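Fold and contact review
Each chain is listed here by its residues.
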Number of protein chains: 2
Amino acid sequence: MTRVAIYDTTLRDGSQGEGVNFSLQDKLLLTRKLDELGVDYIEGGYPLSNPKDFEYFQAVRDLPLRHAKVVAFGMTRRKNAPAETDTCLKALLDAHTPVVTIVGKTWDFHVTNVLGTTLDENVRMIADSVAFCRSQGREVFYDAEHFFDGYQANPEYALRTLRAAADAGASVVIPCDTNGGTMPERVAEVIAAARAAVPCAVGIHCHNDCDLAVANTLAAVRAGATQVQGTMNGIGERCGNVDLVSVIANLAVKYGRDVLVPGSLARLTEASRYVYEIANMNFRSGQPFVGASAFAHKGGMHTHAVAKDPTTYEHITPELVGNERRILVSELSGQSTILSKTTKYQLGSDKALMGKILTAVQDLEHAGYEFEAAEASFDLLVKKAAGLYRPWFERLAYRVNIEARADGVPVTEATVKLRIGGETQFEVSEGDGPVNALDAALRKALVPAYPNLAGVQLVDYKVRVVNPKEGTAARVRVVIESRDGTDVWGTVGVSENVVEASWLALVDSIEYKLFKDAEQGK
Amino acid sequence: MTRVAIYDTTLRDGSQGEGVNFSLQDKLLLTRKLDELGVDYIEGGYPLSNPKDFEYFQAVRDLPLRHAKVVAFGMTRRKNAPAETDTCLKALLDAHTPVVTIVGKTWDFHVTNVLGTTLDENVRMIADSVAFCRSQGREVFYDAEHFFDGYQANPEYALRTLRAAADAGASVVIPCDTNGGTMPERVAEVIAAARAAVPCAVGIHCHNDCDLAVANTLAAVRAGATQVQGTMNGIGERCGNVDLVSVIANLAVKYGRDVLVPGSLARLTEASRYVYEIANMNFRSGQPFVGASAFAHKGGMHTHAVAKDPTTYEHITPELVGNERRILVSELSGQSTILSKTTKYQLGSDKALMGKILTAVQDLEHAGYEFEAAEASFDLLVKKAAGLYRPWFERLAYRVNIEARADGVPVTEATVKLRIGGETQFEVSEGDGPVNALDAALRKALVPAYPNLAGVQLVDYKVRVVNPKEGTAARVRVVIESRDGTDVWGTVGVSENVVEASWLALVDSIEYKLFKDAEQGK
């Protein structure tokens with residue numbers, strides 16, 4: 001079967017997503033990572049649209065890429081003016097990429113009502129623009145905006161625009177489901193019609209407005225499309241572009257198609273998380289194939305079955321896409337869960353110790369703990385049971401005071417008194433709220449002894465009532481997510497007092513970091 | 001075309017999701033909301049698995065539902081033992097629901113290697129269990145676990161298990177893609193085979209491990225399935241169940257199928273957000289149909305085109321599913337939502353007032369407020385805008401002090417100084433934590449003037465960081481659920497300080513109660 005070319009537009013269409021904003025440096029880092037993953041084309045940006053994209057195309061020429069080709073994106077020439085003097089096309093060529101992608105209009109209504117020109121002039125705009133870029137030695141891909149809506153409204157005209165691009169020398173024409181409203185069976189039908197109409201290759205570009213972008217892309221490939229456009233993690237405007245992560249995994253694993261470069265499928269999870277990091281977005285734990293929960297098992301029975309044979313509740317081996325199995329520690333699970341969680345400590349044969357850990361987990365769960373999102377706290381628990389724990393400091397006291405007047409935000413102050421080694425540290429700090437103030441005072445006391453703690457950031461903070469029936473007198477569970485340069489870890493604390501619960505989770509986070517660095521010799 | 005029945009399993013399969021944990025009260029609130037949305041079946045839980053599910057089935061009988069039927073879920077009888085004395089089936093029947101769903105095994109490998117019984121005994125387990133529940137007057141749905149994997153391995157045996165359920169009296173048999181690994185065209189093929197094999201109706205139950213759950217579910221419906229099982233927002237283990245939100249919207253809008261009760265499609269967005277709130281999960285802004293970004297347009301050309309004609313970049317009218325267009329640059333949002341929320345005040349004709357409310361909501365949402373689960377706070381906001389609000393007391397000051405020693409729970413003390421009428425009330429109280437102490441002091445100061453407040457209970461308390469990127473310095477949103485003898489109401493407060501946010505939500509709760517009683521002449 002023909003190879004399916006992966007065309008990544010994270011840097012261009014992905015950056016249209018709400019809250020997404022890549023710096024020049026971000027774009028260069030992502031280009032390198034996408035090339036390592038083995039995508040075929042990297043659409044770097046729209047050189048006319050902003051100076052950052054222009055600079056990117058200058059800088060990217062110095063980047064040694066092993067496989068991917070960088071692509072510049074632009075529109076057809078303006079109406080009633082020659083291609084040779086068009087500023088957009090000039091910017092496109094000035095990007096000096098081996099490939100350019102030109103986007104044009106397909107939908108008759110859009111041509112006349114939004115673009116405000118005639119159907120014939122639009123066809124000339126497409127043909128002239130493609131031909132001009134070809135004449136300047138570029139390979140040209142043609143993105144047919146709104147192709148599916150256009151084909152619905154006026155199929156003859158829609159196909160005519162595609163033919164214009166192909167006849168002018170485009171090597172691939174790409175029908176775009178710009179509004180994301182098309183159903184999979186219709187995508188297959190329209191792609192077949194497009195293939196019959198042009199001599200060149202046909203691609204597909206989908207958006208996820210109906211939660212069907214992956215299905216639509218696969219349907220197009222089954223109908224003969226050989227280039228797939230999308231973004232990593234499906235970022236992009238509205239509901240996003242198609243998620244290339246899912247498309248790549250399905251094409252490779254489920255359809256046995258040739259994608260990426262050999263051996264790179266196992267880098268998919270790492271690449272997905274890297275993109276989230278650079279985009280400063282949180283991972284989506286339930287993301288298919290690469291999410292932290294994608295191969296996580298919670299129910300006791302499921303856990304039991306997976307221990308017998310993973311195919312009972314896993315459709316593929318997680319390692320295929322660089323992910324891993326996780327057994328969640330929760331109230332629904334039993335001994336088999338704990339066993340599989342502690343394999344890395346090689347305690348397997350020590351029955352007494354296993355029993356001790358199990359009892360500790362059950363007692364804590366009974367008190368309201370949940371270790372699902374707090375693997376670092378679970379780690380400390382195992383260390384304690386196995387006698388591998390040592391305290392890094394001792395709490396002598398803390399105090400938090402919150403004072404409010406008639407209105408406005410109250411003033412919060414925290415003091416923390418610790419013993420570290422032989423020394424007593426007594427520090428005070430203000431904060432936006434009690435937890436923030438406590439965190440600040442705690443670090444102020446600890447950083448002189450443990451400077452690595454300066455590099456820890458709190459990334460998320462969640463509170464839940466454990467027994468809601470008692471209202472504010474109930475216990476609360478605080479889950480904190482922390483990170484340093486390389487890792488993210490979760491810790492948990494439970495108390496009737498939200499400040500104390502936060503303290504417990506903060507202390508676990510700090511101790512986990514100190515153990516982690518010590519084990520790595522940092 | 002046949003109506004497609006919507007079978008919601010948010011309360012059961014959804015609660016298997018990582019970090020999902022519903023209290024009894026949560027489950028009852030969700031049941032009411034799902035019924036309002038017009039789903040046909042609500043799977044409430046697995047009565048044998050835990051006492052909370054058992055209590056739910058007792059409590060739900062007092063809930064007046066207008067359309068939905070509550071369903072209890074359980075397994076087939078144990079191997080080599082009669083159905084009549086099976087504890088799981090007994091628990092299932094003791095739930096006293098009109099419908100029960102029984103899950104059984106389809107996959108030969110799973111039967112022999114995990115269940116550890118013979119293929120024949122497994123078929124008897126299915127038949128006996130269905131027949132026994134039928135004999136006790138229940139309608140029975142049969143969930144065929146791992147049907148697609150089972151059909152792949154041994155199609156004759158897989159179909160035989162389905163026929164056993166149908167022959168024993170199941171009214172619907174539901175092939176489940178338990179591992180979520182099946183492709184859409186294969187789903188269609190297997191559903192057609194299942195339909196040919198049984199005389200009863202056929203459903204579909206999909207998981208999203210390949211990012212194809214929605215496509216698979218739609219493919220099954222096109223192949224003749226008439227019951228769709230899934231969860232709101234696709235919560236559930238690993239990558240989640242199929243998202244019913246997307247399925248419902250696609251079936252209704254794209255395929256013109258009869259789903260939900262007439263007129264309720266426009267409640268889809270509200271229902272989706274309500275489920276997120278109750279589950280204490282963040283909304284997914286890019287979620288198809290209902291996400292805040294689903295109809296959001298960034299500035300520039302798209303905005304301009306959408307202003308000319310929304311169909312240029314929108315596949316459907318957002319109002320169809322209760323969502324709304326957002327133009328991101330100007331952050332104009334909400335008018336339709338506000339309109340629909342204020343109908344009970346009959347302010348419809350007062351344009352200036354509507355504008356005032358809209359501005360207030362936008363300002364508060366911008367600051368991190370969400371009114372989805374806090375209609376009491378929204379009510380107060382409308383009262384304030386309409387000049388119908390009067391303060392019941394004035395805050396002069398409060399102070400909270402938390403002191404901890406080396407270990408143990410800290411001591412917490414709160415003082416509250418209020419002006420009520422002409423009097424100053426200055427009270428102090430201890431509590432388990434800052435919010436509890438504050439609540440106690442607040443009531444101590446207020447109850448002499450407003451004795452009805454003694455009957456208010458706080459039933460739930462949730463905290464979430466509004467901007468998780470800033471860790472503990474970020475804003476927190478506190479949602480409090482309160483009740484008296486007759487009602488339950490939600491209020492919200494947002495602040496950088498969790499104690500202040502809690503104060504704001506507590507005050508709203510108290511004021512709502514006082515207005516409510518005054519309006520009812522209590």
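Residues numbered from 1 in each chain as written. Chains lettered and ligands numbered in written order. Predicted model: local features only at pLDDT ≥ 70, side-chain atom pairs only at ≥ 80, totals over all residues. Heavy atoms only, no water.

Under the annotation held in an unreviewed UniProt entry, chain A carries the name Citramalate synthase and is attributed to Urbifossiella limnaea. As stated in UniProt under Pathway (unreviewed entry), the record for chain A gives "Amino-acid biosynthesis; L-isoleucine biosynthesis; 2-oxobutanoate from pyruvate: step 1/3." Entered under Catalytic activity (unreviewed entry) in the UniProt record, the comment concerning chain A runs "pyruvate + acetyl-CoA + H2O = (3R)-citramalate + CoA + H(+)". (UniProt positions renumbered as here; feature names shortened; annotations may be inferred.)

1. Quick word on the overall build of chain A
Along its length, chain A carries 17 helices and 16 strands. For the C-alpha atoms alone, the extent of chain A along its principal axes is close to 80 × 55 × 45 Å. Relative to its full complement of 522 residues, chain A shows a buried share of 62%. Excluding contacts between residues fewer than 6 apart, the proportion of contacts in chain A whose partners are at least 24 apart in sequence is 65%. When the accessible surface of chain A is totalled, it reaches about 19200 Å², and 50% of it is carbon and sulfur. Distance from the positive charge centre (55 side chains) to the negative charge centre (66 side chains) of chain A: 3 Å. (Helix = DSSP H or I, 4+ residues; strand = E, 2+ residues; numbered from the N terminus. Buried < 20%, exposed > 50% of the residue type's maximum accessible area, 1.4 Å probe, protein only. Contact = heavy atoms within 4.5 Å. Areas by Shrake-Rupley, 256 points an atom, 1.4 Å probe, with all protein chains shown as cover. Lys, Arg positive; Asp, Glu negative; His and termini not counted. Charge placed at Lys NZ, Arg CZ, Asp CG, Glu CD.)

2. Topic: the interface of chain A and chain B
Of the residues lining the interface, 113 residues belong to chain A; the matching set on chain B comes to 112 residues. Each partner contributes to the roughly 8900 Å² buried at the junction of chain A and chain B, and carbon and sulfur atoms together form 51% of this total. Where chain A touches chain B, the interface holds two salt bridges. Element by element, the count of residues in the side of chain A that touches chain B is highest for strand 11 (residues 394–404) of chain A, at 10 residues. For the side of chain A that touches chain B, the class distribution of residues is 44 nonpolar, 34 polar and 35 charged. (Buried area = accessible area lost by both parts, 1.4 Å probe. Salt bridge = Lys/Arg side-chain N within 4 Å of Asp/Glu carboxyl O. Nonpolar A, V, L, I, M, F, W, Y, C, P; charged D, E, K, R; others polar.)

3. With respect to the pattern of salt bridges
When the charged atoms of two side chains with opposite charge come close together, those side chains can pair. Residue and element names in this part refer to chain A. Per the stated rule, a full pass over the model turns up 57 salt bridges over all chains. Between R78 and D86 there is a salt bridge, with the nearest N and O atoms lying 3.9 Å from each other. With a relative accessible area of 53%, R78 lands in the exposed category. We classify D86 as buried; its relative accessible area is 3%. Note that D484 and K513 form a salt bridge whose closest N and O atoms lie 2.9 Å from each other. With a gap of 29 residues between them, D484 in the loop between strand 15 (476–483) and strand 16 (488–495) and K513 in helix 17 (residues 498–519) connect regions that are remote in the sequence. As far as the burial class goes, D484 and K513 line up, both buried. The network of salt bridges with common partners includes K33, E36, R267 and E270.

4. With respect to the domain arrangement of chain A
All names here are of chain A. If you check the domain split of chain A, you get domain 1 (5–279), domain 2 (358–390 + 456–521) and domain 3 (393–449). Approximately 1100 Å² of surface area, both sides summed, lies buried where domain 2 meets domain 3, with 74% of it carried by carbon and sulfur atoms. R395 serves as the salt-bridge partner of E500, at 3.3 Å between the closest nitrogen and oxygen. Between the two partners, domain 2 and domain 3, sit three residue pairs in polar contact (both at pLDDT 80 or more). At the level of secondary structure, the elements contributing two or more residues to the side of domain 2 that touches domain 3 comprise strand 14 (457–465) and helix 17. Class assignment of the residues belonging to the side of domain 2 that touches domain 3 gives a composition of eight nonpolar, two polar and one charged. (Domains from an automatic or database assignment. Polar contact = N/O pair within 3.5 Å; in protein donor to acceptor, adjacent residues only side chain to side chain.)

5. Quick word on helix 8 (residues 184–197) of chain A
Residue and element names in this part refer to chain A. Between its terminal C-alpha atoms helix 8 stretches 20 Å, which fits the 20 Å expected from 14 residues at 1.5 Å a residue. Within the span of helix 8, buried status applies to P184, V187, V190, I191, A193, A194 and A197. Those residues of helix 8 that are buried lie in contact with helix 6 (147–153), helix 7 (155–167), strand 6 (172–177), strand 7 (201–206) and helix 9 (213–222). (Expected span 1.5 Å × (residues − 1).)

6. Quick notes on the packing of helix 8 (residues 184–197) of chain B against helix 9 (residues 213–222) of chain B
All names here are of chain B. Relative orientation of the contacting elements helix 8 and helix 9 amounts to 30°, with a least axis distance of 8 Å. With respect to each other, helix 8 and helix 9 are oriented roughly parallel. The crossing of helix 8 and helix 9 is right-handed. For the pair formed by helix 8 and helix 9, the contact residues are P184, V187, A188 and I191 on the first element and A215, N216, A219 and A220 on the second. (Axes fitted to C-alpha atoms, helices over the stretch in contact; angles between N-to-C directions. Parallel < 35°, antiparallel > 145°, perpendicular 65-115°, else oblique. Left-handed = near helix turned anticlockwise from the far one by under 90°.)

7. Describing helix 9 of chain B
Most of helix 9 of chain B sits inside the fold, with nine of its 10 residues counted as buried. The complete set of buried residues in helix 9 of chain B reads A213(B), V214(B), A215(B), N216(B), T217(B), L218(B), A219(B), A220(B) and V221(B). In the core, the buried residues of helix 9 of chain B are packed alongside helix 9 of chain A together with strand 6 (172–177), helix 8, strand 7 (201–206), strand 8 (227–230) and helix 10 (244–254) of chain B. G224(B) sits one or two positions beyond helix 9 of chain B and adopts a positive phi of about 115°.

8. As for the side chain of H297(A)
Looking at the element boundaries, H297(A) is found in strand 9 (residues 296–297). For H297(A), a relative accessible area of 0% gives the class buried. One polar contact links H297(A) to E314(A), side chain to side chain, over a distance of 2.8 Å. The contacts of H297(A), once residues within four sequence positions are left out, are T303(A), V306(A), Y313(A), E314(A), R325(A), R326(A), I327(A), L328(A) and R238(B).

9. Some thoughts on the packing of aromatic side chains
Overall, the coordinates contain 26 aromatic pairs over all chains when judged by the stated rule. On the basis of an interplanar angle of 55° and a centroid distance of 5.2 Å, the ring pair of W107(A) and F109(A) is categorised as tilted. Summarising the burial analysis for this pair, W107(A) and F109(A) share the class buried. Measuring from centroid to centroid gives 5.6 Å for W489(A) and Y512(A), while their planes differ by 40°, and the two rings are tilted. Residue W489(A) is located in strand 16, and its partner Y512(A) is located in helix 17; the two are separated by 23 residues in the primary sequence. Judged by relative accessible area, which is 4%, W489(A) ranks as buried. Members of the aromatic cluster, joined through ring pairs, are Y389(A), W392(A), Y450(A) and F515(A). The positively charged end of K384(B) is found above the aromatic ring belonging to Y389(B), 4.8 Å away from the centroid. Lying across the ring of F426(B), K417(B) places its NZ or CZ 5.0 Å from the centre. (Phe/Tyr/Trp six-rings, centres within 6.5 Å; stacked < 30°, edge-to-face > 60°. Lys NZ or Arg CZ within 6 Å of the ring centre and 35° of its normal.)

10. Section: the pairing of strand 8 of chain B
Residue and element names in this part refer to chain B. Of the two faces of strand 8, the one holding Q227 and Q229 and the one holding V228 and G230 are both buried throughout. Across four bridges, strand 1 (residues 5–8) lies against strand 8 in parallel orientation. Bridging from a neighbouring strand, A5 pairs with Q227 of strand 8. Traced from strand 7 through helix 9 to strand 8, the parallel crossover comes out right-handed. (Pairing = 2+ DSSP bridges. Right-handed = clockwise from strand over helix to strand, strands pointing away.)

11. A short note on the sheet that holds strand 15 (residues 476–483) of chain B
Reading across from one edge, 16(A)-15(A)-14(A)-14(B)-15(B)-16(B) is the order of the six strands in this open sheet, with antiparallel pairing throughout. A strand with exactly one partner marks an edge of an open sheet, and here the two such strands are strand 16 of chain A together with strand 16 (488–495) of chain B. Taken pair by pair, the neighbouring strands of this sheet meet at an average axis angle of 15°, ignoring direction. In this sheet, strand 15 of chain A lies alongside strand 14 of chain A in antiparallel orientation, the contact comprising eight bridges. By the bridge assignment, K462(A) is partnered in strand 15 of chain A with V479(A).

12. Examining the sheet that holds strand 2 (residues 41–45) of chain B
Residue and element names in this part refer to chain B. The eight strands are arranged 1-2-3-4-5-6-7-8 in a closed barrel whose pairing can be described as parallel. Taken pair by pair, the neighbouring strands of this sheet meet at an average axis angle of 25°, ignoring direction. Sheet topology note: the strand 7/strand 8 ladder contains three bridges and is parallel. By the bridge assignment for strand 8, G203 is matched with Q227. Where helix 9 meets the sheet, it contacts strand 6, strand 7 and strand 8, and its direction lies at approximately 175° from that of strand 7.

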